[in-house]
Amino acid sequence: MKNAVLLFLLSCLFFGCNKDSEARLKIKDAEELIMSEKPDSAFVLLESITNPDVLNDKAFAHFCLIYARLSEQLGEDMPFVPQMERANAYFEKHGSPEEKMNCLLYLGMSYEEETDFEWAMKSYLQAVEIAKKAKKYLLMGKLYNKIAELHDFDDNYDEAERYLLLSGESYLQGNDSVNYIYSIRNIGRLYLLKKEYEEASKYFQKAYRQALPMNDSLLLSSLTNRLGNNYKEMKNYSLAEDYLFKSIAYDEAGSAPTYLALADLYTEKGEYAKAREYIEMAILHKTADRPLTGGILYRSYMLEKELGNYSLSLDYYERFNHFADSIAELQAKTDVLKAEKRYEYAEILNENTKLELGYYRYFICSIFVFLMFVILVAKYKYSLTKKNEKLRNKQMEINNVLQEKEYAVQGLSEKISGIRKGILENSDVYKKMIRNAQSIEDAKKNLLTDQEWLALYELLRMAYPFFMDSLQKKFPGLTETEKRFCCLLKLGLNNQQLAVFLDIQPTSVDRKRYRIRKKGYLENTGITLEEVISEF
């Protein structure tokens, strides 16, 4: 019964664990691909896990953390908010500080994707507190920057500036000069949005001075582009032109936006030929990643409008509006698709919850039925044990009565002994046994069969009614071989005869005798096995 219970529990455990073993292997393979710097392949592998929500909490949280990390790296959508919330609940109890911080970061990004900026802010702030204690300065800088972006989105520029300053300080503590410079640059962008161009120029110049010794062409191109656009807004066209050309010199491959800025500058100055030239340069340098279609159409519209080419200007304007509408429509479709995806996920989650509840109900019912079965079997075995105990007690009473009667006829012992001897000696099995005890050859050729042994037991019961029961009672746990050995002793075989009959060495006979004496607790007494058996 104990084995049946264990088997049942092991079966439940096996099928529960086997359900997500394949997914765990994919997660492990994805980690190896990340270490091999193959994030695209790792992401595809994680995407192939059709229903990760059925994983246990530990495996699911691990999956979400890796998936979110790859999503950030590849610019893909974050896991759904309910998924990241479940992962975060697990890491809050069982995760390391680093796992807690990263999970809160990605949870905030998931909230942002679903435009729940208030909860995104809470997640980032919670992550910052853990990062402070762990002195993870680079992560602190990233989190402060995320918080600044949320304030920027709400046009709360003062708070955005405060968190960008904190971001820059954290990056400096983490020895990340590049991101520190970007933080300073982004503060300048805030002042540019507020049209406080002098302040914007101050921060852009500060960032530019910090970046010059680093010789990072992309960073320097970005900073000089910002300086050029800022001076253009200040109507300082000379400095604007100088910095915009520097930006192109730093990064010729990505210079299309800067050419458009120059086109805008020359349109404002009334140098239309140059403006047209730089629009064409922007068209030549645009890339698949940055086609700049809207910007090119708008600059062309402004240029033709200034030149008085109203028909052509109107054509560019209509094309620009059509393009803007297409972008807006595409964005709306994307938002709808995302909403549908979230709805489908919510539906799947509800279905999974229903299935899980059904499974647990079935599982609990199965356990209940199984326990009832165990209880009934145990109750039956208990009642059977009680009945057997009563029968044994009754048998003992009968044996006692018989024993008393045997004592009453002790005077007839010699006659009874003769009868017993006659019962045994006149039987074929006894005769065969005696022959085997006298000849090794006979003992090997004519072994007693199981039926003959049973016949011998019956003869002993006839001759000695209490022998077999007394034997079992005195020596509990006797094997069949040991019981036969005791019967041979009862029939009076000596050591030599026993050795011949059993085809063993005399020393082996002594070992058998010792093992049986041990079972009757006789090993530390002077009583021999033959003496005990003779009394039965």
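Taken from UniProt, the Sequence similarities (unreviewed entry) comment for the chain reads in full: "Belongs to the Rap family." Per UniProt, the chain has the following entry under Subcellular location (unreviewed entry): "Cytoplasm".

### Quick look at the packing of aromatic side chains
Summed over the entire model, instances satisfying the criterion amount to 19 aromatic pairs. Arranged with centres 5.9 Å apart and planes meeting at 35°, the rings of tyrosine 144 and tyrosine 163 form a pair that is tilted. Here tyrosine 144 is found in helix α8 (residues 137-153), whereas its partner tyrosine 163 is found in helix α9 (residues 157-173), with 19 residues between them in sequence. We classify tyrosine 144 as buried; its relative accessible area is 6%. Residue tyrosine 163 is classed as buried on the basis of its relative accessible area of 10%. When the centroid spacing of 6.1 Å and the interplanar angle of 85° are considered together, the rings of tyrosine 208 and tyrosine 243 count as edge-to-face. Of this pair, tyrosine 208 sits in helix α11 (residues 197-211) while tyrosine 243 sits in helix α13 (residues 237-250), and the two are 35 residues apart along the sequence. One exposure class covers both tyrosine 208 and tyrosine 243, and it is buried. Taken together, the ring pairs in this structure connect Phe43, Phe60, Phe63 and Tyr67 into an aromatic cluster.

### Quick notes on the packing of helix α19 (residues 428-438) against helix α24 (residues 495-502)
Helix packing for two helices is described by the angle between their axes and how far apart those axes are. Axis separation between α19 and α24 bottoms out at 7 Å; the angle between their running directions is 95°. The angle between α19 and α24 places the two elements in the roughly perpendicular class. Judged by residue contacts, Met433, Asn436, Ala437 and Gln438 of α19 engage Gln497, Val500 and Phe501 from α24. Considering only residue class, the contact of α19 with α24 consists of 4 nonpolar, 3 polar and no charged.

### Considering the UniProt feature "repeat: TPR" (unreviewed entry) in the chain
The residues that UniProt annotates with the feature "repeat: TPR" (unreviewed entry) are residues 101-134 and 181-214. The span residues 101-134 shows a helical share of 91% and a strand share of 0%, and its end C-alpha atoms are spaced 10 Å apart. Secondary structure content for residues 181-214 is 82% helix and 0% strand, and the end C-alpha separation is 11 Å.

### Thoughts on the packing of helix α2 (residues 21-35) against helix α3 (residues 39-47)
Put simply, α2 and α3 touch, their axes get as near as 8 Å, and they point 170° apart. By the criterion of interaxial angle, the relationship of α2 to α3 is roughly antiparallel. Contacts from Lys26, Ile27, Asp29, Ala30, Leu33 and Ile34 in α2 reach Ser41, Ala42, Leu45 and Leu46 in α3. Within the contact of α2 with α3, the residues separate by chemical class into 7 nonpolar, 1 polar and 2 charged.

### Observations concerning the nonpolar core
Judged by nonpolar contacts, the single largest core of 88 residues is most densely connected at Leu46, Phe63, Tyr106, Tyr124 and Leu143. Take this core: its biggest share by element is 10 residues, from helix α4 (residues 57-74). If sequence neighbours within four positions are ignored, tyrosine 106 has contacts with Leu65, Ala68, Arg69, Glu72, Met78 and Met84. Counting 35 residues, the second largest nonpolar core, distinct from the first, contains Ala463, Phe467, Met468 and Val532.

### Considerations on the pattern of salt bridges
On inspection of all chains with the given rule, the structure shows 27 salt bridges. Taking the shortest distance from any N to any O, the salt bridge between lysine 235 and glutamate 268 comes out at 3.4 Å. With a gap of 33 residues between them, lysine 235 in the loop between α12 (217-233) and α13 and glutamate 268 in helix α14 (residues 256-269) connect regions that are remote in the sequence. Lysine 235 sits in the exposed class, given a relative accessible area of 52%. Taking the relative accessible area as the measure of exposure, glutamate 268 reaches 35% and is therefore partly exposed.

### Focus: a nonpolar patch on the surface
Among the surface-exposed residues, Phe368, Val369, Leu371, Met372 and Ile375 lie close enough to one another that they form a single nonpolar patch of about 500 Å² accessible area. Within the secondary structure, methionine 372 sits in helix α17 (residues 310-408).

Parameters and conventions
- Counting starts from 1 at the beginning of each chain's written sequence and moves along it residue by residue.
- In keeping with the model being predicted, local features are shown solely for residues with a pLDDT of at least 70 and side-chain atom pairs are shown and tallied solely at 80 or more, while totals for entire chains, interfaces and linings include all residues.
- Processing note: side-chain calculations cover all non-hydrogen atoms of the structure and skip hydrogens and water entirely.
- UniProt positions are given in the numbering used here, feature names are shortened, and annotations may be inferred rather than shown by experiment.
- In this scheme Phe, Tyr and Trp rings, the latter by its six-membered ring, pair at centre separations within 6.5 Å, and the angle between planes marks the pair as stacked below 30 degrees, edge-to-face above 60, and tilted otherwise.
- To qualify as a helix, a DSSP run of H or I must reach at least 4 residues; to qualify as a strand, a run of E must reach at least 2; elements of each kind are numbered from the N terminus.
- Relative accessibility decides the category of a residue: with a 1.4 Å probe and only protein chains considered, values under 20% of the type maximum give buried, values over 50% give exposed, and everything between is partly exposed.
- To obtain an axis, a line is fitted to C-alpha atoms, over the contacting stretch when the element is a helix, and the angle between two such axes runs from 0 to 180 degrees between their N-to-C directions.
- Each angle is binned into one of four classes, with values under 35 degrees roughly parallel, values over 145 roughly antiparallel, values of 65 to 115 roughly perpendicular, and all other values oblique.
- When checking whether two residues touch, look at their non-hydrogen atoms; a contact exists if any pair is within 4.5 Å.
- When residues are grouped by polarity, Ala, Val, Leu, Ile, Met, Phe, Trp, Tyr, Cys and Pro land in nonpolar, Asp, Glu, Lys and Arg in charged, and all others, Gly among them, in polar.
- The nonpolar core is taken to be a set of buried Ala, Val, Leu, Ile, Met, Phe, Trp, Tyr and Cys residues, with the residues joined through side-chain atoms within 4.5 Å.
- What makes a salt bridge here is a side-chain nitrogen of Lys or Arg within 4 Å of a carboxyl oxygen of Asp or Glu, nothing more.
- Exposure above 30% relative accessible area and the lack of any salt bridge qualify a residue for a patch; like charges then connect within 9 Å, and the nonpolar side chains Val, Leu, Ile, Met, Phe, Trp and Tyr within 5 Å.
- Method for areas: the Shrake-Rupley scheme with a 1.4 Å probe, in which residue coverage is limited to the protein chains shown.

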